[in-house]
Amino acid sequence: LSAKAMSIPQVSPLPEKSVLVVSTIFDLSTQPDFPRTGQRTVQDLLQLFSYVEELGLPTLLFLDATLSSNYHPPPHVTVITLSFEELPCRHMLKGDKHIGNGQARDCLTYSILTISKPFLLRRAMKDFPSYANYLWLDAGIAHISRIPSSQLHDDVAWLLTHDKPV
């Protein structure tokens with residue numbers, strides 16, 4: 001659809017505590033089954049995360065404990081450090097460490113991180129219960145396409161204030 005066809009109305013600023021953005025950055029390269037070539041570096045991920053920061057929305061970042069000295073959050077970003085081993089799914093999965101064709105998304109390590117998102121969202125809801133909504137945004141959301149952060153902010157605001165299920 002073209003931008004003209006979509007015609008989404010502008011939304012006023014979000015009320016305080018209406019949404020908490022939740023995301024995570026882990027250094028998966030330290031895990032034995034994670035492919036070593038062609039992957040984004042931690043610095044790449046931190047740079048991509050700046051797009052999420054630009055939204056200006058309250059954000060909770062679950063950050064690999066080994067990276068805490070590499071990241072200096074703006075005031076609206078709260079950081080909780082975790083080690084990869086602290087993710088509950090880490091000890092629940094069984095089977096080969098190589099579950100696919102050697103791509104990053106085919107390794108057990110990546111799967112553990114992916115299926116840990118509901119746990120991390122639940123933790124955000126428990127630790128920060130005063131928010132009305134919780135929104136997961138991958139830290140690397142801007143790696144393929146980068147719409148203006150102001151447009152994404154308006155889209156989030158519209159979704160949260162829309163009176164019909166979307």
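Use the structure listed above.
Quick look at the structure, then. Source: prediction; values computed, not measured.

Re the nonpolar core
Part 1 of the argument: Of all hydrophobic cores here, the largest spans 20 residues; its most connected members are I25, F49, L57, L61, L63, Y71 and L152.
Part 2 of the argument: Elements represented by at least two residues in this core include exactly β1 (19–25), α2 (42–54), β2 (59–64) and α5 (149–161).
Part 3 of the argument: Sort the elements by how many residues they give to this core and α2 lands first, with six residues.
Part 4 of the argument: By size, the runner-up hydrophobic cluster in this structure holds 17 residues, among which are L20, V22, L82 and L120.

Examining the environment of A132
Part 1 of the argument: Turning to its location among the elements, A132 is positioned in the loop between α4 (117–127) and β4 (133–136).
Part 2 of the argument: The class of A132 is exposed, set by a relative accessible area of 57%.
Part 3 of the argument: Here the alpha-carbon distance between A132 and L160, two residues 28 residues apart in the chain, equals 9.4 Å.
Part 4 of the argument: In contact with A132, not counting residues within four places along its chain, are K17 and S18.

As for the sheet that holds β4
Part 1 of the argument: In space, the four strands of this open sheet follow the order β3-β2-β1-β4, with parallel pairing throughout. The open sheet has two edge strands with one neighbour each: β3 (77–82) and β4. Across the sheet, the mean angle separating the axes of adjacent strands is 25° when strand polarity is ignored.
Part 2 of the argument: The sheet contacts of α2 involve β1, β2 and β3, and relative to β1 the element is tilted by about 175°.

Cut-offs used in this document
Residues numbered from 1 in each chain as written. Predicted model: local features only at pLDDT ≥ 70, side-chain atom pairs only at ≥ 80, totals over all residues. Heavy atoms only, no water. Core = buried A, V, L, I, M, F, W, Y, C linked by side-chain atoms within 4.5 Å. Buried < 20%, exposed > 50% of the residue type's maximum accessible area, 1.4 Å probe, protein only. Helix = DSSP H or I, 4+ residues; strand = E, 2+ residues; numbered from the N terminus. Contact = heavy atoms within 4.5 Å. Pairing = 2+ DSSP bridges. Axes fitted to C-alpha atoms, helices over the stretch in contact; angles between N-to-C directions.

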